[in-house]
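Structural overview for review
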Amino acid sequence: QLQLVESGGGLVQPGGSLRLSCAASRSIFDINYMGWYRQAPGKERELVARINRAGSTNYADSVKGRFTISRDNAKNMVYLQMNSLKPEDTASYYCNTHLPTSTYWGQGTQVTVSS
C-alpha cells in the first residue's frame, strides 16, 4: 500500500512562485514514474509533469519553462517548483504514481493564482 500526501498549495499573485511537495508513505526508490496532475473546476484532470527514476522529465506544454519537477528518493519526496504563475494555473494539484497493482493519488492541494 502507498499513500501520497501533498502540501504547499496556497494563494499567490500572478508572477509568483510556489513549491509543492508530495510525501510518500514508503520508499519510492523502486518506483519508476512519479507525476503531478491538476484539475481546474469544470475541466478534466491533466498531467502537469512527471519524472522517472533516472531523472528524466516530461512537462505539459502549458508549463514548460515555468515548472520544474524533482524527486528525492532518500526522503521519499517529489516536488513541483512553480514559477511565473498565471491565473490559468489555478487548480487542485495531485501527486500520482502507477504501480503494477494500482494507481495512487494524493488528496490534492489547492493552488489559486489571483491578484
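Before any of the text, the structure's been laid out above.
These notes cover the structure that comes with them.

1. Observations regarding the overall build of the protein chain
- The secondary structure content of the protein chain amounts to 0 helices and 11 strands.
- Put simply, the protein chain runs from its N terminus to its C terminus through helices and strands in the order β-β-β-β-β-β-β-β-β-β-β.
- A compact globule built from 115 residues would reach a C-alpha radius of gyration of about 13 Å, and the protein chain, at 13 Å, matches this within 12%.
- By its C-alpha atoms, the protein chain is 40 × 25 × 20 Å across when sized along the principal axes.
- Going through the 115 residues of the protein chain one by one, you find that 43% of them count as buried.
- The long-range fraction of contacts in the protein chain, counting pairs at least 24 apart against all pairs at least 6 apart in sequence, stands at 54%.
- For the protein chain, the exposed area adds up to about 6100 Å²; of that, 46% sits on carbon and sulfur atoms.
- If you average the places of the 12 positive and of the 8 negative side-chain charges in the protein chain, the two averages end up 4 Å apart.

2. Points about the pairing of strand 11 (residues 109–113)
- Only one face of strand 11 is covered, namely the face carrying Thr-109, Val-111 and Val-113; the face carrying Gln-110 and Thr-112 is uncovered.
- Relative to strand 11, strand 9 (residues 91–98) runs antiparallel, the two being bridged by 3 bridges. Across the sheet, residue Ala-91 finds its bridge partner in strand 11, namely Val-111.

3. With respect to the pairing of strand 9
- Within strand 9, 7 of the 8 residues are buried, which leaves it mostly tucked inside the rest of the structure.
- As judged from the 6 bridges shared by strand 4 (residues 34–39) and strand 9, these two strands associate in the antiparallel manner. Considered in strand 9, the bridge of Gly-35 is made with Asn-96.
- Taken together, the 3 bridges between strand 9 and strand 10 (residues 103–105) define a ladder with antiparallel strand orientation. Among the inter-strand pairings, Thr-97 is bridged to a residue of strand 10, identified as Tyr-104.
- Counted between consecutive antiparallel strands, the loop separating strand 9 from strand 10 contains 4 residues.

4. Re the state of the cysteines
- For the structure shown, the criterion picks out 1 disulfide.
- Two residues share a disulfide in this structure: Cys-22 and Cys-95, whose sulfurs sit 2.1 Å from each other. A torsion of -80° about the S-S bond marks the disulfide between Cys-22 and Cys-95 as left-handed. Remark: Cys-95 occurs in strand 9 and Cys-22 occurs in strand 3 (residues 18–24); sequence separation between them is 73 residues.
- Judged by relative accessible area, which is 1%, Cys-22 ranks as buried.

Rules of the game
Residues numbered from 1 in each chain as written. Predicted model: local features only at pLDDT ≥ 70, side-chain atom pairs only at ≥ 80, totals over all residues. Heavy atoms only, no water. Helix = DSSP H or I, 4+ residues; strand = E, 2+ residues; numbered from the N terminus. Rg over C-alpha atoms; globule rule 2.2 N^0.38 Å. Buried < 20%, exposed > 50% of the residue type's maximum accessible area, 1.4 Å probe, protein only. Contact = heavy atoms within 4.5 Å. Areas by Shrake-Rupley, 256 points an atom, 1.4 Å probe, with all protein chains shown as cover. Lys, Arg positive; Asp, Glu negative; His and termini not counted. Charge placed at Lys NZ, Arg CZ, Asp CG, Glu CD. Pairing = 2+ DSSP bridges. Disulfide = S-S within 2.5 Å.

Spatial relationships are all this shows, so hold off on functional conclusions.
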